[in-house]
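Residue-level structural notes
Chain by chain, the residues run as shown.
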Amino acid sequence: MSFRNSLTFGGVSTSTPLVLAPMSGVTDMAFRRLVRECSPGAVGLVVSEFISIEGLTRNDLRSHRMLRYHPDEHPIAIQIFGGDIDRMVEAAAIVQQTGVDAVDVNCGCPVPKVVKRGGGAELLRRVHHLERMLREVRRELSVPLTIKFRTGWDAESINCVEVAQMAEAAGVAMVTVHGRTRVQLYTGSADWELIAAVKRAVEIPVVGSGD
């Protein structure tokens, strides 16, 4: 499988514009390596399943094990999630120390136990908090910072364009947009028109996700 286009963000270049999406309980090291081995060149960037900033900063062994990756997985991004700014900055520094190619912040997980603690899609309802978080994390990193988010909390609060523009201004190198709201969870169809609107609104690369 080959593609005419590559993906370049923050100094990282990939062989194709396709990204292996982060999936909790799925995209561990074994799965990612299997994809690389069975479909050479099909995926340009692989992303880890999301890792709790609480676990990383409190030295939880399971969370630190999730940071492991094999050299043949490059380029690879590790995704982290949470709502506390100081712990997000500390966790991002821990991730960077692994030699990873990019740090990705999850701003789209709809799971109640994540949003109730201020992480995931809840950040879409706290844009000023998210902006401060991204700016402080960006100052900590020398590798690119990327984020993944949804189109909004619900149909009445679509703010994906606003969030993407804010993220670009804060120094984020690439955004991924899942074309559903938090309330939709995984029902219905992804809105690729909104993803296209995000693409038109920013200069940084935009990755579309959903369906």
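Residues numbered from 1 in each chain as written. Predicted model: local features only at pLDDT ≥ 70, side-chain atom pairs only at ≥ 80, totals over all residues. Heavy atoms only, no water.

**What to know about the layout of surface pockets**
Empty space within the largest pocket amounts to approximately 400 Å³. Lining the largest pocket are 22 residues, with Phe 50, Ile 51, Ser 52, Phe 81 and Val 114 sitting closest to its centre. Every element with two or more residues in the lining of the largest pocket is listed here: β5 (51-52), α2 (53-57), α3 (61-65) and α5 (112-115). No other element matches α2, which puts 3 residues into the lining of the largest pocket. Each pocket or cavity is described by its volume, and for the second largest pocket that value is around 340 Å³. Around the second largest pocket sit 17 residues that line it, and Pro 22, Asn 106, Cys 109, Lys 148 and Tyr 186 are the ones nearest its centre. (1 Å grid on protein atoms, 1.4 Å probe; cavity = no way out; pocket = protein on both sides within 12 Å on 5 of 7 lines; lining within 4 Å. Points joined across faces, edges and corners; volume = space filled by probe spheres on them. Helix = DSSP H or I, 4+ residues; strand = E, 2+ residues; numbered from the N terminus.)

**Quick word on the pattern of salt bridges**
Any two side chains of opposite charge can pair, given that their charged atoms come close. Counted by the stated rule, this structure contains 8 salt bridges. Taking the shortest distance from any N to any O, the salt bridge between Arg 58 and Glu 54 comes out at 2.9 Å. Each of Glu 54, Arg 58 and Arg 87 takes part in salt bridges that share partners, so that together they form one network. (Salt bridge = Lys/Arg side-chain N within 4 Å of Asp/Glu carboxyl O.)

**Considerations on helix α8 (residues 192-201)**
Listed in full, the buried residues belonging to α8 are Ile 195, Ala 197 and Val 198. Looking straight down α8, one finds its buried side chains confined to an arc of 155 degrees; they lie on one side. Opposite the buried face of α8, by more than 90 degrees, sit the exposed residues Glu 193 and Arg 200. Residues of α8 that are buried in the fold lie against α7 (160-169), β9 (174-181) and β10 (206-209). Capping the start of α8, Asp 191 holds a side-chain oxygen 3.0 Å from the backbone nitrogen of Glu 193, two or three residues further along. (Buried < 20%, exposed > 50% of the residue type's maximum accessible area, 1.4 Å probe, protein only. Arc of directions from axis to C-beta. Contact = heavy atoms within 4.5 Å. Polar contact = N/O pair within 3.5 Å; in protein donor to acceptor, adjacent residues only side chain to side chain.)

**Description of the pairing of β10**
The two faces of a sheet get side chains in turn, since along a regular strand they alternate between them. Pairing of β9 with β10 involves 4 bridges; the strand directions are parallel. What sits directly across from His 178, in β10, is Ser 209. (Pairing = 2+ DSSP bridges.)

**Considerations on the pairing of strand β7 (residues 102-107)**
Among the 6 residues of β7, 6 are classified as buried, and the element is accordingly described as predominantly covered. Burial along β7 is two-sided: Ala 102, Asp 104 and Asn 106 and Val 103, Val 105 and Cys 107, pointing in opposite directions, are all buried. In this sheet, β7 lies alongside strand β6 (residues 76-81) in parallel orientation, the contact comprising 4 bridges. Bridge assignment links Ile 80 to a residue of β7, and that residue is Val 105. Inspection of the sheet shows β7 paired to strand β8 (residues 145-152) by 5 bridges, in the parallel sense. The residue of β8 that forms the bridge with Asp 104 is Thr 146.

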